[in-house]
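# Examination of the molecular architecture
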Amino acid sequence: MEPLQPHVHLPDRSAAAEAADLIARFGDHAGAEAAARADASRERGNVIHFCRWRQIGRMIALLAAGPDAATLH
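Just so you know, these numbers come straight off a predicted model, no measurement behind them. (Residues numbered from 1 in each chain as written. Predicted model: local features only at pLDDT ≥ 70, side-chain atom pairs only at ≥ 80, totals over all residues. Heavy atoms only, no water.)

## With respect to the nonpolar core
- In terms of nonpolar packing, the biggest core is built from 13 residues, with Ala 19, Leu 22, Ala 34, Trp 53, Ile 56, Met 59 and Ile 60 touching the most fellow members.
- Looking at this core, the elements with two or more residues in it are helix H1 (13-26), helix H2 (30-43) and helix H3 (47-64).
- For this core, the leading source of residues is H3, giving 5 residues.
- Setting aside residues up to four positions removed in sequence, Ile 60 forms contacts with Ala 19, Leu 22, Ile 23, Ala 30, Gly 31 and Ala 34. (Core = buried A, V, L, I, M, F, W, Y, C linked by side-chain atoms within 4.5 Å. Buried < 20%, exposed > 50% of the residue type's maximum accessible area, 1.4 Å probe, protein only. Helix = DSSP H or I, 4+ residues; strand = E, 2+ residues; numbered from the N terminus. Contact = heavy atoms within 4.5 Å.)

## Topic: the confidence of the model for the chain
- The predicted model of the chain has a mean per-residue pLDDT of 86, with 82% of residues at 70 or higher.
- Mean pLDDT in the chain bottoms out at H3, which sits at 93, and peaks at H2, which reaches 98. (pLDDT = per-residue confidence, 0-100.)

## Section: the pattern of salt bridges
- Taken as a whole and judged by the stated rule, the model has 5 salt bridges.
- One salt bridge connects Arg 52 with Glu 18, and the closest N-O pair in it is separated by 3.0 Å. Residue Arg 52 is found in helix H3, and its partner Glu 18 is found in helix H1; the two are separated by 34 residues along the sequence.
- Classification of Arg 52 by relative accessible area gives buried; the value is 14%.
- Across the salt bridge formed by Arg 37 and Glu 33, the nearest N and O atoms sit 2.8 Å from each other. Remark: Glu 33 and Arg 37 occur in helix H2; sequence separation between them is 4 residues, near one turn of the helix. (Salt bridge = Lys/Arg side-chain N within 4 Å of Asp/Glu carboxyl O.)

This is the structure we're talking about:
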């Protein structure tokens with residue numbers, strides 16, 4: 001039995017663009033930057049942006065895992 005592939009939900013195209021921008025700007029630290037932005041949103045009480053940055057962080061982690069972690073169709 002093959003292990004389950006991780007599911008990452010991105011609400012819209014701009015979230016994927018933001019993930020790509022963070023990767024381009026911060027490289028290996030892009031996930032940490034997304035987490036920092038999520039934490040800042042949570043501290044401001046902005047639940048919607050907190051969830052959005054968490055989703056973007058998950059997408060960055062999935063992309064960083066390489067092609068072997070990609071979903072098979």
